[in-house]
Amino acid sequence: CHPPDPLKVLKPLGIDVGFLSAGGLWEGRELSCSHDYEVAMKRAVIALARDSWAVLDSSKIGDRRAVRFATLDEISGVVTEHGVGRRAVPVAEAD
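Residues numbered from 1 in each chain as written. Predicted model: local features only at pLDDT ≥ 70, side-chain atom pairs only at ≥ 80, totals over all residues. Heavy atoms only, no water.

S.K.: Account for the pairing of strand β3 (residues 30–33), with residues named and values stated.
M.R.: Going residue by residue along β3, you find Glu 30 and Ser 32 tucked away on one face and Leu 31 and Cys 33 tucked away on the opposite face as well. Where strand β2 (residues 24–26) hands over to β3, the hairpin turn is made up of three residues, of which Glu 27 adopts a positive phi near 50°. For β3 and strand β5 (residues 67–71), the ladder comprises four bridges, and the chain directions are antiparallel. Paired with Ser 32 across the two strands is Arg 68, which belongs to β5. (Buried < 20%, exposed > 50% of the residue type's maximum accessible area, 1.4 Å probe, protein only. Helix = DSSP H or I, 4+ residues; strand = E, 2+ residues; numbered from the N terminus. Pairing = 2+ DSSP bridges.)

Right, dumping it as structure tokens:
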């Protein structure tokens, strides 16, 4: 399901906007997931997309999963059930 070279597979698709699931958002800036095999694909999307957004429910803010894949500085912002923001806490009031 995850190719050995995600950049090679994704580049021809011309990704404009990427949405990345995140299992945790630690200390308001570090995005993480539960499985290391997810990281290469997520990093490739971040590298190729004009905009990339982390998608998570607000209960995951303050959580840390096993594998870090990005910081908020590397992506366009965060999407939760409260809306869209560029800072993590509280997302509903983000600019």
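S.K.: How would you summarise the side chain of Ser 32 if you had to cite specific residues and measurements?
M.R.: Position of Ser 32 among the secondary structure elements: in strand β3. Contacts of Ser 32, omitting those with residues within four sequence positions, involve Ala 22, Gly 23, Gly 24, Asp 63, Arg 64, Arg 65, Val 67, Arg 68 and Phe 69. (Contact = heavy atoms within 4.5 Å.)

S.K.: Explain unusual backbone geometry residue by residue, including any values.
M.R.: For Glu 27, which is not glycine, the phi dihedral falls at a positive 50°. Structurally, Glu 27 is set in the loop between β2 and β3. For Glu 27, a relative accessible area of 64% translates into the label exposed.

S.K.: Quick rundown of helix α2 (residues 39–48)? Include the residues and the values.
M.R.: Buried within α2 are the following residues: Val 39, Met 41, Lys 42, Ala 44, Val 45 and Ile 46. For α2, the elements touching its buried residues are α1 (6–10), β1 (17–21), β3, β4 (51–55) and β5.

S.K.: Just give me the short version of the packing of aromatic side chains, but keep the residues and values in it.
M.R.: Taken as a whole and assessed by the stated rule, the structure comprises zero aromatic pairs. Just above the ring of Phe 69 sits the side chain of Lys 42; from NZ or CZ to the centre is 4.9 Å. (Phe/Tyr/Trp six-rings, centres within 6.5 Å; stacked < 30°, edge-to-face > 60°. Lys NZ or Arg CZ within 6 Å of the ring centre and 35° of its normal.)

S.K.: Mind laying out the sheet that holds strand β6 (residues 77–80), listing which residues take part and the relevant values?
M.R.: Within a sheet, adjacent strands bond to each other through the backbone by hydrogen bonds, running parallel or antiparallel. Spatially, β1-β4-β6-β7 is the arrangement adopted by the four strands of the open sheet, whose pairing is mixed. A strand with exactly one partner marks an edge of an open sheet, and here the two such strands are β1 and β7 (83–85). Each adjacent strand pair in this sheet contributes to an overall mean axis angle of 25°, direction not counted. The sheet contact formed by β1 and β4 spans five bridges and is parallel. (Axes fitted to C-alpha atoms, helices over the stretch in contact; angles between N-to-C directions.)

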